[in-house]
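Secondary and tertiary structure notes
Next come the chains, spelled out residue by residue.
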Amino acid sequence: MSLLIKNGIIVTSSDTFKGDIYIEDGIVKEIGENLNYNKNKTEIIDASGKYVIPVGVDVHTHFNLHVGNLVVNDDFYTGTIAAACGGTTTIIDHIGFGPQGCELRYQINKYHSYADNNAVIDYGFHGVIQHVDNDILNEIEEIVEEDGINSFKAYLTYDYKIEDEDIIKIFKKLKEVNGITAIHCENHGVIQYLRKYYEENGLKSPIFHSLSRPEETEGEAVNRMINIAKIANYKDLYIVHLSTKIALDYIKMARENGQELYVETCPQYLILDESKYKLPNKEGLKYIMSPPLREKYNGIALWKGIRDGYIQTIGTDHCPFSFNNDKKLGKDNFIKCPNGAPGVEERIPLIFSEGVMNGKININKFVEVCSTNPAKIFGIYPKKGTIAIGSDADIVIIDPNKEVILSSKDLHSNVDYSAYEGIKVKGYPIMTILRGKIIVRDNKFIGEKGDGMYLKRKTTRGR
């Protein structure tokens, strides 16, 4: 059956207008006013007074992630249900590390076994680079061509951190194949020193997680990657989960000097702050993530960075470990607490409420950073990320007057808390449509397991 969305306020990254959208065979077929339709074959959705926008594209999730003996609480079924209920129908997942010395395709194959026939929304993967040699560099080119994976992640910290001499090799190879390098930027040596210092001196409460990863550790690493990218004449550096003003200042300087790069931030760095680490009853453990929450002035700077175009995307870094089991492993020592927090469902409501309704960004910028830019950068535009004739009919309808107090009991992630518990949002998704099929109606998932399709991505992208 076809769909006709009538009388909605249609929003793209560039336009806002009232009109109708006719959908057939999962594709947007017509956009206009007072569209004609076959009454016997068309479901009518009256969107009067509602915003009709491209559904969210979240390019930073961690489903089925294994960390040591722990596994995040969301797999590709429960996690994508949560995403859909929050107004997101496309995710690109940062896959976890494989065995030491494994080839790149090992984890890609593993993640297909997790996601295929389980995801309820469309999905892709970022490759993950654990070590660099000629075999890995050659494999990058094969995976870009054969698997449609045009992005690979490198970490500057953790067990499989990549050294600078190998970062430049990655940049040069991905420049050859028009690929993106997503980098987790923190200074490993300083963090290791501070973590050991605090632990040895009995300073083990959650706030010392934040203090062991000060703002400068991100700023230094971001600046270092900018400079190495400049040396390599590489324009597709993608900084994940930016959290600090100091790093943003380095990014501004680079951009003002003509250097091209991409930057992502996350709702937690825009809305929360490090005071969460001081909550009683070990509640601060809920917010142990890397990079950590920061002082409030950083969030203010990040909102301005979004408005000014220095930050192109908002992802979530959704990585949900349970509070009552996994997180409380750190009750006596923050170092033993797994890093990560949920957020894939809360992103669209939070950014719409805090950003649009509170006047921090306009609604076109909201669509740009939550949908259009991620789709463009990672090679799935205009199939995804916009409402246009010929695009996939991936649409979310938002009621700007609907007020919701966020609570884990009403959310769909398979985890026992929300990092945004008790926050009141104004404006909430009331319907999510994936390729012309209604999969969420009034916060109830009505889609089917396995509805999601794997997305092979192009190496062309808009800037």
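All values derive from a computational prediction rather than experimental measurement.

Rules behind the numbers
Residues numbered from 1 in each chain as written. Predicted model: local features only at pLDDT ≥ 70, side-chain atom pairs only at ≥ 80, totals over all residues. Heavy atoms only, no water. Core = buried A, V, L, I, M, F, W, Y, C linked by side-chain atoms within 4.5 Å. Buried < 20%, exposed > 50% of the residue type's maximum accessible area, 1.4 Å probe, protein only. Helix = DSSP H or I, 4+ residues; strand = E, 2+ residues; numbered from the N terminus. Contact = heavy atoms within 4.5 Å. Axes fitted to C-alpha atoms, helices over the stretch in contact; angles between N-to-C directions. Parallel < 35°, antiparallel > 145°, perpendicular 65-115°, else oblique. Left-handed = near helix turned anticlockwise from the far one by under 90°. UniProt positions renumbered as here; feature names shortened; annotations may be inferred. Phe/Tyr/Trp six-rings, centres within 6.5 Å; stacked < 30°, edge-to-face > 60°.

**A closer look at the nonpolar core**
In this structure, F171, L237, L242 and F366 are the most contacted members of the largest nonpolar core, which totals 117 residues. Ranked by residues supplied to this core, first place goes to helix α7 (residues 215–231) with six residues. In this structure L242 touches E218, V222, A247, L248, I251, V263, E264, T265, Y269, L302 and I311, once residues within four positions along its chain are discounted.

**Things to note about the packing of helix α3 (residues 134–147) against helix α4 (residues 164–176)**
As a packed pair, α3 and α4 sit with axes 10 Å apart at the nearest point and diverge in direction by 30 degrees. With respect to each other, α3 and α4 are oriented roughly parallel. Crossing geometry of α3 relative to α4 is assigned as right-handed. Side by side, α3 and α4 meet where L137, N138, I140 and E141 of the first sit next to K169, I170, K173 and L174 of the second.

**Description of the UniProt feature "domain: Amidohydrolase-related" (unreviewed entry) in the protein chain**
The UniProt record annotates "domain: Amidohydrolase-related" (unreviewed entry) at residues 51–439. Between the first and last C-alpha atoms of residues 51–439 the distance is 18 Å; the span itself is 35% helix and 19% strand.

**Digging into the packing of aromatic side chains**
Where two aromatic rings form a pair, the distance of their centres and the angle of their planes describe that pair. Summed over all chains, the structure comprises 19 aromatic pairs. Ring centres of Y123 and Y454 lie 5.9 Å apart, and the angle between their planes is 55 degrees; this geometry places the pair in the tilted category. Taken together, the residues span a long stretch of sequence, with Y123 in strand β10 (residues 122–128) and Y454 in the segment after β19 (444–445) at a distance of 331 residues. Ring centres of F171 and Y234 lie 4.8 Å apart, and the angle between their planes is 20 degrees; on these two criteria the pair is classed as stacked.

**Topic: helix α11 (residues 347–357)**
Buried residues dominate α11, accounting for nine of its 11 residues. G359 sits one or two positions beyond α11 and adopts a positive phi of about 80 degrees.

**What about unusual backbone geometry?**
A cis amide bond links S290 to the next residue, P291, at an omega of 0 degrees. Going from Y381 to P382, the amide bond is cis rather than trans, its omega being 5 degrees. Following the sequence through the fold, P382 ends up in the loop between α12 (363–377) and β16 (395–405). The backbone of N34 sits at a positive phi, close to 55 degrees, despite the residue not being glycine.

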